Amino acid sequence: MKAIFLGKFQPPHLGHIRTIIRLSAQYNSVIVGITQSEPSMMPFEEVKTTIQEVISAYKNIEVVLIAGSIEGGTAAIDTLSFDVVVSGNHKVLNILKKQGFQTEFCERTEGIGYSGSEIRSLSHVVTSDALSKEKALKGTVQLISVADLKPLEKVLPVHFKNIEKMIFDDGFIKKPLIVDQKFKVILDGSHRYAFLLKYGFKFAPVIFIDYSDESIFVGNHLKHRYLRDSSFTINKNVVIEKALHEQLLDARTTRHFFPFRKEDFIVSLGRLEQGKERNIDFLIQDISIEKEIAIDKAYIKELDEEVEILQAYEDEQRGVKKYLTKQLKMMQERNN
């Protein structure tokens, strides 16, 4: 059987090479198909040359350049001869499966330095495309390329349909996405991101944050803003690792807490430059409406629990205020 392993390889790294070698042992022959996309750290041809030099001892591996990108709908692979498409990118596999290709998901080789996003963040790459397109709006809100963002969680199908209607009816995005500045991981705004991606918008309004800041943290429930218990199982390392390796968490797995209010900031859809509609099946969680209703009810329960915690905290603070007021009165009486 002959496989084609697709990727942008920007830049090529040890994780890619280990995966390619593993596939060469699994299949009779392997085509390494290098597609084009931003961000681009290395010239297209140089990526090919680098991979060829490293795997030159493996005679059943062929490296080819494929103009365009699968996600953007500009790359064609039907002129190549292969039996199955292999990739660690669910987006690519979903698109090609709909086109009738046999597909197989390949787990990415994990480890420090085995992520192109991680390597690009270390070199602080800003492409000429990004320089020309990133736009400051006001304060901390910016418009950045949707293609640069990395999803963390899937989205709920019915909730997403409701959001689609609300955004189109309004004609604007009401709140910016909150994004880790280093890796471009979406920490808040998964459904808004899915909307922008599906309908081909080029830009997204975002607030960048420093995820290493200790005042920003993540939990599994809203109560984890104030209390830690046995249900507290998520952490920042897991969040980044899952997003970089496109191992999307189920919808509403995380609760992120920021040292600022998530205020409205209206950005019209016209400013986001709509393009060609995209396939986002990889983002949609396979879940029944009954289960989705149960998830919403559970979230409402979390909100009720958070209100109870806040009320208990308010009672505590009122008690402290009453105690200090009594102390102050006693001191004033002594002073008279």
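Residues numbered from 1 in each chain as written. Predicted model: local features only at pLDDT ≥ 70, side-chain atom pairs only at ≥ 80, totals over all residues. Heavy atoms only, no water.

### Digging into empty space enclosed by the protein
Here's step 1: Applying the stated criterion across every chain, the model contains one cavity of 30 Å³ or more.
Here's step 2: A volume near 50 Å³ is recorded for the largest cavity.
Here's step 3: In terms of residue class, the lining of the largest cavity is built from four nonpolar, no polar and four charged. (1 Å grid on protein atoms, 1.4 Å probe; cavity = no way out; pocket = protein on both sides within 12 Å on 5 of 7 lines; lining within 4 Å. Points joined across faces, edges and corners; volume = space filled by probe spheres on them. Nonpolar A, V, L, I, M, F, W, Y, C, P; charged D, E, K, R; others polar.)

### Digging into the pattern of salt bridges
Here's step 1: A full pass over the atoms with the stated rule returns twelve salt bridges.
Here's step 2: Of the charged contacts in the structure, one is a salt bridge between K198 and E164, with a shortest N-O distance of 2.9 Å. With K198 in helix α7 (residues 190–198) and E164 in helix α6 (residues 157–170), this residue pair connects regions lying 34 residues apart in the sequence. Take K198 and E164: they sit in the same class, and that class is buried.
Here's step 3: R225 is the partner of E306 in a salt bridge, and the nearest nitrogen-oxygen pair spans 2.8 Å. Note that E306 is positioned in helix α9 (residues 289–335) and R225 in the loop between β12 (217–219) and α8 (236–244), a separation of 81 residues in sequence.
Here's step 4: Look at E306 and you get buried, because its relative accessible area is 10%.
Here's step 5: The exposure class of R225 is partly exposed, given its relative accessible area of 34%.
Here's step 6: Where salt bridges share partners, they join K174, K175 and D264 into one cluster. (Salt bridge = Lys/Arg side-chain N within 4 Å of Asp/Glu carboxyl O. Helix = DSSP H or I, 4+ residues; strand = E, 2+ residues; numbered from the N terminus. Buried < 20%, exposed > 50% of the residue type's maximum accessible area, 1.4 Å probe, protein only.)

### Brief notes about a nonpolar patch on the surface
Here's step 1: A cluster of nonpolar residues, Y226, L227 and L310, forms a patch on the protein surface that exposes about 270 Å² of accessible area.
Here's step 2: Mapped onto the fold, Y226 is located in the loop between β12 and α8. (Patch = residues over 30% accessible without salt bridge, like charges linked within 9 Å, V, L, I, M, F, W, Y side chains within 5 Å. Areas by Shrake-Rupley, 256 points an atom, 1.4 Å probe, with all protein chains shown as cover.)

### Section: helix α3 (residues 90–98)
Given 3.6 residues to a turn, an α-helix orients residues that are three or four positions apart in the same direction.
Here's step 1: For α3, the full list of buried residues reads K91, V92, L93, I95 and L96.
Here's step 2: Looking at the buried positions of α3, the neighbouring elements they touch are β1 (2–7), β4 (84–87) and β5 (103–105).
Here's step 3: Put simply, N89 is the residue that caps the front of α3, since its side-chain oxygen is 3.2 Å from the backbone nitrogen of V92.
Here's step 4: Positive backbone phi, at 100°, marks G100, one or two positions downstream of α3. (Contact = heavy atoms within 4.5 Å. Polar contact = N/O pair within 3.5 Å; in protein donor to acceptor, adjacent residues only side chain to side chain.)

### Here we look at the sheet that holds strand β3 (residues 61–66)
Here's step 1: Within the open sheet, the five strands sit side by side as β3-β2-β1-β4-β5. Their pairing is parallel. Each edge of the open sheet is held by one strand with a lone partner, namely β3 and β5. Averaged over neighbouring strand pairs, the angle between their axes works out to 25° when direction is ignored.
Here's step 2: Here β1 pairs with strand β2 (residues 29–35) via six bridges, running parallel. Paired with G7 across the two strands is I34, which belongs to β2.
Here's step 3: Strands β2 and β3 of the sheet are contacted by helix α2 (residues 44–54), whose axis makes an angle of about 175° with β3.
Here's step 4: Packed onto the sheet, α3 meets β1, β4 and β5 and runs at close to 165° relative to β5. (Pairing = 2+ DSSP bridges. Axes fitted to C-alpha atoms, helices over the stretch in contact; angles between N-to-C directions.)

### Remarks on the side chain of N220
Here's step 1: If you trace the backbone, N220 turns up in the loop between β12 and α8.
Here's step 2: In this structure N220 comes out as buried when scored by relative accessible area, which is 12%.
Here's step 3: Within the structure, the side chain of N220 is placed 3.1 Å from the backbone nitrogen of I234, a separation counted as a polar contact.
Here's step 4: Residue contacts for N220: discarding those within four places in its chain leaves S231, F232, T233, I234, T253, R255 and E302.

### Remarks on the environment of Q10
Here's step 1: Tracing the backbone shows Q10 in the loop between β1 and α1 (14–26).
Here's step 2: A residue is classified by how much of its surface remains accessible, and Q10, at 9% relative accessible area, is buried.
Here's step 3: Once the C-alpha coordinates of Q10 and Q36 are considered, the two residues, 26 residues apart in sequence, prove to be 9.2 Å apart.
Here's step 4: A polar contact of 2.9 Å, which involves the side chain of Q10, links it to the backbone nitrogen of M42.

Purely geometric numbers; function is a separate question.
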